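Residues per chain are reported as follows:
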There are 2 protein chains.
Amino acid sequence: MDQNIPDIVIGRLPLYLRELSRMEAEQNRLTASSQELAERLGMSSAQIRKDLSHFGEFGKQGTGYHIHYLIERLTDILHLTREWPVALVGAGFLGHALASYRGFQRRGFAITCVFDNDPAKVGERVGDLVVQDAADMADALRGVRIAILAVPAGDAQATADALVAAGVRAILCYAPVALSVPDGVQVSYSDPVVQLQQMTYHLTLDEG
Amino acid sequence: MDQNIPDIVIGRLPLYLRELSRMEAEQNRLTASSQELAERLGMSSAQIRKDLSHFGEFGKQGTGYHIHYLIERLTDILHLTREWPVALVGAGFLGHALASYRGFQRRGFAITCVFDNDPAKVGERVGDLVVQDAADMADALRGVRIAILAVPAGDAQATADALVAAGVRAILCYAPVALSVPDGVQVSYSDPVVQLQQMTYHLTLDEG
């Protein structure tokens, strides 16, 4: 396996994994061609073949990819053979929405603790969990390496600092801010505007 | 301007726009090198130069990109010189979170109407808006081409069908489902799991 995979390639693997899992679940399919996968994902089949070639030989000319095998390999490559515990910080509207999100199931993650710095929210139930005081994060986060940040923009940096101090190494941030974190800590931003802007390119201005 | 820009390139332009806007706002900067932009975005400078070259000549050797000019050009290319009205469907936790999201401001979008099919929610205030009955979408959506889908997974396809029938051409979907839409309608999925999976690749399994 190639040891220097560009981040941009890694970024596409979860999309392949999601689409293949949907094909397997919805259609009970055994094989898929790179062309079909490409069409469903709106990209080129050459791109998919090139991306996957970093990890070995998956497809056969004429037969396509063996869906279940490719799902297993992607699951392995992305370190999803275990279920990662995830800390959720922020028990507002967004925190409640994330705690009840059904998409985490069987995809490698489970929210195992919820924090808020609002004393009125501490002790409240969010989904199956009870909100803990954000001041207790350092102790409560033992062994948790992934956190979702669902706090107001003004609290995001201080919360990220506390998470990093507690050992968190990957943060999914919903606040519209740019976080500053040390080397070795990953941050990914969930930003609806970036997604909307990717679509307006294809809309004509007179359609408004 | 090149007329056949790959979708994958278009997809990166909002990231450039966001990062350049942050650099301009936070640091009052006039120019940026492709190297600096690349470092902040975790990609290669060659990729950035290649992406932007589709749209003309932006940077000067040794001087870098003129930030304000590049922001204006990207705003123009992505059709963000106007503010797009956006319909929000779903007034649950996620809908409330989106209605109060501060990141839409000055980035080309404004949520102008909110719908729900729950009679108990119709008439309720969400941010500055009043929840309308989803049954009235066809009339209320006149001129709206963009919608955000924040309904439960089981309601997502029927809601998408109604939005498309009402003239919506771009849907940002938060439900963990694959929507089926006619040609000419764009769908983008906001999926925290895809973002988390992009990060676990870089985490070692013994860190758990």
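Residues numbered from 1 in each chain as written. Chains lettered and ligands numbered in written order. Predicted model: local features only at pLDDT ≥ 70, side-chain atom pairs only at ≥ 80, totals over all residues. Heavy atoms only, no water.

Observations regarding the interface of chain A and chain B
Then, in step 1: Facing 68 residues of chain A, the contacting portion of chain B comprises 68 residues.
Then, in step 2: When chain A packs against chain B, the two sides together hide about 6600 Å² of surface, and 65% of this comes from carbon and sulfur.
Then, in step 3: Taking the shortest distance from any N to any O, the salt bridge between Asp 191 of chain B and Arg 107 of chain A comes out at 2.8 Å.
Then, in step 4: In this structure, the connection of chain A to chain B is made through 28 residue pairs in polar contact (both at pLDDT 80 or more).
Then, in step 5: For the side of chain A that touches chain B, the element with the most residues is helix H9 (residues 192–200) of chain A, which contributes 9 residues. (Contact = heavy atoms within 4.5 Å. Buried area = accessible area lost by both parts, 1.4 Å probe. Salt bridge = Lys/Arg side-chain N within 4 Å of Asp/Glu carboxyl O. Polar contact = N/O pair within 3.5 Å; in protein donor to acceptor, adjacent residues only side chain to side chain. Helix = DSSP H or I, 4+ residues; strand = E, 2+ residues; numbered from the N terminus.)

Examining the environment of Gln 47 of chain B
Then, in step 1: Following the sequence through the fold, Gln 47 of chain B ends up in helix H4 (residues 45–53).
Then, in step 2: Gln 47 of chain B sits 38 residues away from Val 9 of chain B along the chain, and the two C-alpha atoms are 9.4 Å apart.
Then, in step 3: Apart from residues lying up to four places away in sequence, Gln 47 of chain B is in contact with Ile 8 of chain A together with Arg 12 and Tyr 16 of chain B.

Structural notes on helix H4 (residues 45–53) of chain A
Then, in step 1: Looking only at H4 of chain A, the buried set comprises Ser 45, Ile 48, Asp 51 and Leu 52 of chain A. Taken end-on, H4 of chain A shows its buried residues confined to a sector of 125°, consistent with a single buried face. (Buried < 20%, exposed > 50% of the residue type's maximum accessible area, 1.4 Å probe, protein only. Arc of directions from axis to C-beta.)

Re the state of the cysteines
Every disulfide links exactly two cysteines, by a covalent bond between their sulfur atoms.
Residues and elements named next belong to chain A.
Then, in step 1: As enumerated under the stated definition, the model contains 0 disulfides over all chains in all.
Then, in step 2: Of all cysteine sulfurs in the structure, the one in Cys 173 sits closest to Cys 113, which takes part in no disulfide; the separation is 17 Å.
Then, in step 3: Judged by relative accessible area, Cys 113 falls into the buried class, the value being 5%.
Then, in step 4: A relative accessible area of 0% places Cys 173 in the buried class. (Disulfide = S-S within 2.5 Å.)

As for the pattern of salt bridges
Then, in step 1: Going through the model one piece at a time under the given rule, you end up with 16 salt bridges over all chains.
Then, in step 2: The closest approach of N and O atoms between Arg 73 of chain B and Asp 76 of chain B, which form a salt bridge, is 3.4 Å. Of this pair, Arg 73 of chain B and Asp 76 of chain B are both found in helix H5 (residues 67–77), 3 residues apart, which corresponds to roughly one turn of the helix.
Then, in step 3: Connected through salt bridges with shared partners, the residues Arg 18 and Arg 107 of chain A together with Asp 191 of chain B form a single ionic network.

Examining the confidence of the model for chain A
Then, in step 1: The predicted model of chain A averages 91 in pLDDT, with 95% of residues at 70 or higher.
Then, in step 2: On the interface metric, ipTM, the complex scores 0.93, and its pTM is 0.91. (pLDDT = per-residue confidence, 0-100.)

Things to note about the nonpolar core
Generally speaking, nonpolar side chains in soluble globular proteins are found buried as a group.
Then, in step 1: Counting residues in hydrophobic clusters, the biggest one holds 98 residues, and the most contacted among them are Ile 148 of chain A together with Ile 148 of chain B.
Then, in step 2: When near neighbours in sequence (up to four residues on either side) are disregarded, Ile 148 of chain B contacts Leu 196 of chain A together with Val 86, Ala 87, Leu 88, Val 89, Leu 98, Phe 104, Ile 111, Leu 172 and Tyr 174 of chain B. (Core = buried A, V, L, I, M, F, W, Y, C linked by side-chain atoms within 4.5 Å.)

Side note on the relation of the copies chain A and chain B
Then, in step 1: Once turned by 180° and shifted 0.0 Å along the axis, chain A lies on chain B with an RMSD of 0.0 Å. The symmetry that links the two subunits is that of a two-fold axis. Of the C-alpha atoms belonging to chain A, the one lying closest to the rotation axis is found on Phe 93 of chain A, 2.3 Å away.
Then, in step 2: Counting the interface residues of chain A, we find that 100% of their copies in chain B are interface residues as well, pointing to one common contact surface. (Least-squares fit on C-alpha atoms with pLDDT ≥ 70 in both.)

Some details on the packing of aromatic side chains
Remark: the centre distance and the inter-plane angle together describe each pair of aromatic rings, the angle taken between the planes.
Then, in step 1: Following the criterion strictly, the structure yields 2 aromatic pairs over all chains and no others.
Then, in step 2: Taken together, a centroid distance of 5.2 Å and an interplanar angle of 80° make the contact between Tyr 101 of chain A and Phe 104 of chain A edge-to-face. As far as the burial class goes, Tyr 101 of chain A and Phe 104 of chain A line up, both buried.
Then, in step 3: Stacked on the ring of Trp 84 of chain A, the Lys or Arg Arg 82 of chain A has its end atom at 4.1 Å from the ring centre.
Then, in step 4: The aromatic ring of Tyr 189 of chain A is capped on one face by Arg 22 of chain B, whose charged end is 5.2 Å from the ring centroid. (Phe/Tyr/Trp six-rings, centres within 6.5 Å; stacked < 30°, edge-to-face > 60°. Lys NZ or Arg CZ within 6 Å of the ring centre and 35° of its normal.)

A look at the sheet that holds strand S6 (residues 125–126) of chain B
Two pairing modes exist for strands in a sheet, parallel and antiparallel, and in both the strands are linked by backbone hydrogen bonds.
Residues and elements named next belong to chain B.
Then, in step 1: Spatially, S6-S7-S5-S4-S8-S9-S10 is the arrangement adopted by the 7 strands of the open sheet, whose pairing is mixed. Each edge of the open sheet carries a strand with a single partner, namely S6 and strand S10 (186–189).
Then, in step 2: Relative to strand S7 (residues 129–133), strand S5 (residues 109–116) runs parallel, the two sharing 3 bridges. Directly across from Phe 115, in S7, lies its bridge partner Gln 132.
Then, in step 3: In the packing of helix H8 (residues 153–165) onto the sheet, the strands contacted are strand S4 (84–89), strand S8 (146–149) and strand S9 (170–173), and the crossing angle to S8 comes to about 170°. (Pairing = 2+ DSSP bridges. Axes fitted to C-alpha atoms, helices over the stretch in contact; angles between N-to-C directions.)

Let's talk about helix H3 (residues 34–41) of chain A
Residues and elements named next belong to chain A.
Then, in step 1: Turning to H3, its buried residues are Ser 34, Leu 37 and Ala 38. All buried residues of H3 project into a common sector of 100° when viewed along the axis, lining one side.
Then, in step 2: Elements that come into contact with the buried residues of H3 comprise helix H2 (13–27), strand S1 (31–32), H4 and strand S3 (64–66).
Then, in step 3: A positive backbone phi angle near 65° is found at Gly 42, which sits one or two residues after H3.

Some words on unusual backbone geometry
Then, in step 1: Despite not being glycine, His 79 of chain A shows a phi value in the positive range, around 65°.
Then, in step 2: Summarising the element assignment, His 79 of chain A is placed in the loop between helix H5 (67–77) and strand S4 (84–89).

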